[in-house]
Amino acid sequence: MNKVIVPGTFDPITNGHLDIIERAAKLYDQVIVAIAKSAGKNPLFSLEERAELAKDSCSYLKNVEVKTFEGLLVNFAKENDAHIVVKGLRIVSDFEYEFQMAGLNRKLYPEFETLFMMSSHEYMHLSSSQIRELAQMGGEYEELVPECVAKALKNL
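Not measured: the values here are computed from a predicted model.

Now for the pattern of salt bridges. What the rule picks out here adds up to nine salt bridges. In this structure, arginine 132 engages aspartate 11 in a salt bridge whose closest nitrogen and oxygen atoms are separated by 3.8 Å. Here the residue arginine 132 occupies a position in helix α5 (residues 128–136), and aspartate 11 occupies one in the loop between β1 (3–8) and α1 (15–27), the gap between them amounting to 121 residues. According to the relative accessible area criterion, arginine 132 is partly exposed, its value standing at 24%. Judged by its relative accessible area of 3%, aspartate 11 is buried. For the salt bridge of lysine 154 with glutamate 142, the shortest nitrogen-to-oxygen distance reads 3.4 Å. Taken as a pair, lysine 154 in helix α6 (residues 147–154) and glutamate 142 in the loop between α5 and α6 lie far apart in primary sequence, 12 residues in all. A residue is classified by how much of its surface remains accessible, and glutamate 142, at 33% relative accessible area, is partly exposed.

In structure tokens, the structure reads:
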């Protein structure tokens, strides 16, 4: 079975994230959406809320499961017997950061491969931080996120 991880903080999950997850689900037998606790960040949604929003958003994808983790991605990968991570790239700065992370992950776990997937054109501009800002400032974001996320943002 070929199993991959699509990691992130998903605060909140966006249609851009779903695009990468859907495309990975077409290529691999099993996709684990790995939601990081990310203690260094100040998330808008709790880890549990982010997991529930991701589960709801991905419920139509039968080979996708959502899990949470704390700590190093390579340790999560080992615990889940996964050897591939799929990372979505939007802009050049994403590549620079993810390229360095891929090298470090490979050093820590030599059997771990990082595959980069370019965002679809319509999502290259989209980020969770922009969604949070739009929501906090009364902007329109409903078409950029799954319906469950739009409802959750309205209820904040």
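Next comes the rest of the description.
In this section: the packing of helix α2 (residues 47–58) against α6. Between two packed helices, both the angle of their axes relative to each other and the distance between the axes serve to describe the pair. Close contact between α2 and α6 brings their axes to 8 Å; oriented N to C, the two are set at 150 degrees. On α6, the residues that touch Leu53, Asp56 and Ser57 of α2 are Cys148, Val149 and Ala152. Residue composition of the contact of α2 with α6, grouped by class: four nonpolar, one polar and one charged.

What counts and what doesn't
Residues numbered from 1 in each chain as written. Predicted model: local features only at pLDDT ≥ 70, side-chain atom pairs only at ≥ 80, totals over all residues. Heavy atoms only, no water. Salt bridge = Lys/Arg side-chain N within 4 Å of Asp/Glu carboxyl O. Helix = DSSP H or I, 4+ residues; strand = E, 2+ residues; numbered from the N terminus. Buried < 20%, exposed > 50% of the residue type's maximum accessible area, 1.4 Å probe, protein only. Axes fitted to C-alpha atoms, helices over the stretch in contact; angles between N-to-C directions. Contact = heavy atoms within 4.5 Å. Nonpolar A, V, L, I, M, F, W, Y, C, P; charged D, E, K, R; others polar.

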